[in-house]
Amino acid sequence: MSQHTFLVNGTRVTVDADDKVRLLWVLRDLLGITGPKYGCGINVCKACTSHINGKAFNPCSVPVSAIGPDDEITTIEGLADPATGELHPMQQAWIDRDVAQCGYCQPGQIMAAIAKVKQARAEGREISDSDFEEIRNICRCGTYSRIREAVKSAAAKM
């Protein structure tokens, strides 16, 4: 076992884990952060999508040893304003557009959408249909049209 220190949702954490353990299991099993879901374990379904240093990534495919002390991991639990509890605009748009059915993939969908909107903004443009094609999160319930509506709505408020 090795000690691994990094930031999660604004809090510095240190965990004892084998270097090869995937970050998803560190988040869920050792830290009790259950927003990122296990779907496939091979970086395909994207149910675990979170952010590392502001960019989308899938912790099911990253060993904890790849995370450094200056890396900041953000999960769905870290999006709401800690002082007021106000939801992130993307989270609120999901509620307003009644996106979720079973809800299993929704944390990953939201995290991927936020990263994509931020990427488009950094490039000086609005989110486009081609951006939606790059979001590869799988939704078994098939609420893709509502997901697109929610992303467009939230993007206007971000």
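The model shown is predicted, which means the values in this text are computed figures rather than measured ones.

So, about a nonpolar patch on the surface. Residues I42, V44, I138 and Y144 make up a contiguous nonpolar surface patch of about 380 Å² in total accessible area. Here I138 is to be found in the loop between helix 4 (129-134) and helix 5 (144-155). By relative accessible area, I138 is classed as partly exposed at 41%.

Side-chain positions along a regular strand alternate between the two faces of the sheet. For strand 1 (residues 2-8) and strand 2 (residues 11-17), the ladder comprises seven bridges, and the chain directions are antiparallel. Residue F6 lies in a different strand from strand 2, and its bridge partner there is V13. Connecting strand 1 to the antiparallel partner strand 2 that follows it, the hairpin turn spans two residues, and N9 within it adopts a positive phi of roughly 50°. Across two bridges, strand 1 lies against strand 5 (residues 72-74) in parallel orientation. Its bridge partner lying in strand 5, L7 is registered against E72.

Our focus in this paragraph is helix 3 (residues 106-122). Counted at 1.5 Å a residue, the expected span for helix 3 with its 17 residues is 24 Å, and the 24 Å between its end C-alpha atoms agrees. Extensive coverage of helix 3 is indicated by the burial of 13 of its 17 residues. Just downstream of helix 3 lies G124, where phi reads positive at about 75°.

All right, on to the UniProt feature "domain: [2Fe-2S]-binding" (unreviewed entry) in the protein then. Here the UniProt feature "domain: [2Fe-2S]-binding" (unreviewed entry) sits at residues 75-152. End C-alpha to end C-alpha, residues 75-152 measures 21 Å, and it is 51% helix and 0% strand.

The next subject is the sheet that holds strand 5. With respect to topology, five strands assemble into an open sheet ordered 2-1-5-3-4, the strand pairing being mixed. Two strands bound the open sheet, and with one partner strand each, they are strand 2 and strand 4 (55-57). Strand-to-strand twist in this sheet, taken as the mean axis angle between neighbours without regard to direction, amounts to 40°. In this sheet, strand 5 lies alongside strand 3 (residues 50-52) in antiparallel orientation, the contact comprising two bridges.

As a further point, take the packing of aromatic side chains. The tally for this structure, following the rule as stated, stands at one aromatic pair. A centroid spacing of 5.1 Å and a plane angle of 40° characterise the contact between W25 and Y38, whose relative ring orientation is tilted. Taken together, the residues W25 in helix 1 (residues 23-30) and Y38 in the loop between helix 1 and strand 3 connect sequence positions 13 residues apart. For Y38, a relative accessible area of 36% puts it in the partly exposed group.

So, on to the nonpolar core. In this structure, M90, W94, I110 and V151 are the most contacted members of the largest nonpolar core, which totals 22 residues. Secondary-structure elements contributing two or more residues to this core are helix 2 (89-96), helix 3 and helix 5. Setting aside residues no more than four positions away along its own chain, I110 makes contact with I76, L79, M90, Q91 and W94.

The next thing to look at is the packing of helix 2 against helix 3. A pair of packed helices is characterised by two quantities: the angle between their axes and the separation of those axes. Following both chains from N to C, one finds helix 2 and helix 3 inclined at 125°, their axes separated by 10 Å at the closest point. Viewed along their axes, helix 2 and helix 3 adopt a mutual orientation that is oblique. In the crossing of helix 2 with helix 3, the sense of the turn from one axis to the other is right-handed. Where helix 2 approaches helix 3, its residues M90, Q91 and W94 are matched on the opposing element by Q106, Q109, I110, A113, I114 and V117. When the residues that make up the contact of helix 2 with helix 3 are grouped by side-chain class, the tally is six nonpolar, three polar and no charged.

A few words on the packing of helix 3 against helix 5. Across the interface, helix 3 lies against helix 5 with an axial gap of 10 Å and an inter-helix angle of 45°. As far as their axial angle goes, helix 5 and helix 3 are oblique. Our pair here, helix 3 against helix 5, has a crossing hand that is right-handed. In this structure, helix 3 contributes Q106, Q109, A113, V117 and R121 to the contact, and helix 5 contributes Y144, I147, V151 and A155. When the residues that make up the contact of helix 3 with helix 5 are grouped by side-chain class, the tally is six nonpolar, two polar and one charged.

What counts and how
Residues numbered from 1 in each chain as written. Predicted model: local features only at pLDDT ≥ 70, side-chain atom pairs only at ≥ 80, totals over all residues. Heavy atoms only, no water. Patch = residues over 30% accessible without salt bridge, like charges linked within 9 Å, V, L, I, M, F, W, Y side chains within 5 Å. Areas by Shrake-Rupley, 256 points an atom, 1.4 Å probe, with all protein chains shown as cover. Salt bridge = Lys/Arg side-chain N within 4 Å of Asp/Glu carboxyl O. Helix = DSSP H or I, 4+ residues; strand = E, 2+ residues; numbered from the N terminus. Buried < 20%, exposed > 50% of the residue type's maximum accessible area, 1.4 Å probe, protein only. Pairing = 2+ DSSP bridges. Expected span 1.5 Å × (residues − 1). UniProt positions renumbered as here; feature names shortened; annotations may be inferred. Axes fitted to C-alpha atoms, helices over the stretch in contact; angles between N-to-C directions. Phe/Tyr/Trp six-rings, centres within 6.5 Å; stacked < 30°, edge-to-face > 60°. Core = buried A, V, L, I, M, F, W, Y, C linked by side-chain atoms within 4.5 Å. Contact = heavy atoms within 4.5 Å. Parallel < 35°, antiparallel > 145°, perpendicular 65-115°, else oblique. Left-handed = near helix turned anticlockwise from the far one by under 90°. Nonpolar A, V, L, I, M, F, W, Y, C, P; charged D, E, K, R; others polar.

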